[in-house]
Amino acid sequence: MHGSNQSGVSEFLLLGILESPEQQRILFWMFLSMYLVTVVGNVLIILAISFDPRLHTPMYFFLANLSFTDLFFVTNTIPKMLVSLQSQNKAISYAGCLTQLYFLVSLVALDNLILATMAYARYVAICRPLHYSTAMSPGLCVLLLTLCWALSVLYGLTHTLLMIRVTFCGSRKIHYIFCEMYVLLRLACSNTQVNHTMLIATGSFIFLAPLGFMIMSYVYIVRAILRIPSASSKYKAFSTCASHLAVVSLFYGTLCMVYLQPLQSYSMKDSVATVMYAVVTPMMNPFIYSLRNKDMHGALGRLLLGKAFQRLT
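You'll find the protein entered in an unreviewed UniProt entry as G-protein coupled receptors family 1 profile domain-containing protein, with Panthera tigris altaica given as the organism. In its Function (unreviewed entry) section, the UniProt entry covering the protein states "Putative odorant or sperm cell receptor." Quoted verbatim from the Subcellular location (unreviewed entry) field of the UniProt record, the comment on the protein reads "Membrane".

Structure representation (structure tokens):
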């Protein structure tokens, strides 16, 4: 990833999705605010789960890792985006662009796999509660997380190494806010059919297979909940799944609009959708997972207010 490719391109220009200086200033303050909210929200989630023994369960273990992934994800893209929006120097080196692309692709895949693992944890908790402690042992949780990381790293490396083979010539202007896969492929002057085929093939495995697994898990979960005689117990069981379903819907809704389509049809509306999953989704996740979660409310209260909160509760 170091150095330029065979076409001699040493850098790209990140021009952003809006070109007028006034609009770029608005975008700068908007993205800066969103970045700060995302960092604070995800750091609080991680700290609350880490320091509260009551949250040392598989569900919160994966939630803390999801927050860490989102934190790493936005830090990979937004700081460089802010520099490009604020300064006249909008250049990003070829190596820097591919590095950003690698982490972008890997972390999107990791986000997705962790969401699938969380769906499995909820399935075990609701459908097999008596086996929960053995089926979701600490060792298995670490093993599942390790597998998620390994698949994500492999996925990111595959597409980054394929991108190194691409020849760029002519325009090096990226009318976008970070080095995104489809945007780079549209700048290529060599044949990118292999890249696009692998993007569809591996994407179907790394995204559609977990989605199918999540759908099956929730089919069994809903069937199990409907058998519960108590209405209040049904509501409690459904409410524990609502946050996860909201995050999955937001994640896949934006992702499918961008990547499950031919490269030739990629347009500005897809740029907006990419901003949604790259910026908005990581910012919203902490709110979604904490707003209706009493355990998280308590942990955040104890983290921020300490003994004063304990006396109030």
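Next comes the rest of the write-up.
**Quick look at the environment of Trp-149**
With respect to the helices, strands and loops of the structure, Trp-149 is situated in helix H5 (residues 138-164). Residues Trp-149 and Ser-106 lie 43 residues apart in sequence; the distance between their C-alpha atoms is 8.5 Å. Among all residues touching Trp-149, those that are not within four sequence positions of it are Phe-68 and Leu-110.

**Quick word on the UniProt feature "transmembrane region" (unreviewed entry) in the protein**
Listed under "transmembrane region" (unreviewed entry) in the UniProt record, and renumbered for this structure, are residues 26-51, 57-79, 91-115, 135-162, 200-226, 238-260 and 272-291. Secondary structure over residues 200-226 splits into 100% helix and 0% strand, and the C-alpha atoms at its two ends are 37 Å apart.

**Some words on the environment of Gly-156**
Mapped onto the secondary structure, Gly-156 falls in helix H5. Owing to a relative accessible area of 0%, Gly-156 belongs among the buried residues under this scheme. In the structure, Gly-156 is positioned 49 residues away from Leu-107 in sequence and 8.2 Å away in space, judged by C-alpha atoms. Every residue in contact with Gly-156, bar those within four places of it in the chain, is listed here: Tyr-102, Val-105 and Ser-106.

**Focus on the side chain of Asn-65**
Residue placement: Asn-65 occurs in helix H2 (residues 58-86). The class of Asn-65 is buried, set by a relative accessible area of 16%. Not counting residues within four places of it along the chain, the set of residues in contact with Asn-65 comprises Ile-114 and Leu-145.

**Focus: the confidence of the model for the protein**
Taken over all residues, the pLDDT of the protein has a mean of 83, while the share at 70 or more is 87%. Per-element confidence in the protein is highest for H5, whose mean pLDDT is 94, and lowest for helix H11 (residues 307-312), whose mean pLDDT is 53.

**So, the state of the cysteines**
The tally for this structure, following the rule as stated, stands at one disulfide. The partner cysteine of Cys-97 in its disulfide is Cys-179, sulfur to sulfur 2.0 Å. Of note, the bridge from Cys-97 to Cys-179 carries an S-S torsion of about -120° and is left-handed in sense. Placement of the pair is Cys-97 in helix H3 (residues 94-127) and Cys-179 in the loop between strand S3 (173-174) and helix H6 (181-187), with a sequence separation of 82 residues. Accessibility classification places Cys-97 together with Cys-179 in one group, the buried group. Sulfur of Cys-241: no disulfide; nearest cysteine sulfur belongs to Cys-127 and is 8.9 Å away. On the accessibility criterion, Cys-241 (3% relative accessible area) is buried.

What counts and what doesn't
- Residues numbered from 1 in each chain as written.
- Predicted model: local features only at pLDDT ≥ 70, side-chain atom pairs only at ≥ 80, totals over all residues.
- Heavy atoms only, no water.
- UniProt positions renumbered as here; feature names shortened; annotations may be inferred.
- Helix = DSSP H or I, 4+ residues; strand = E, 2+ residues; numbered from the N terminus.
- Contact = heavy atoms within 4.5 Å.
- Buried < 20%, exposed > 50% of the residue type's maximum accessible area, 1.4 Å probe, protein only.
- pLDDT = per-residue confidence, 0-100.
- Disulfide = S-S within 2.5 Å.

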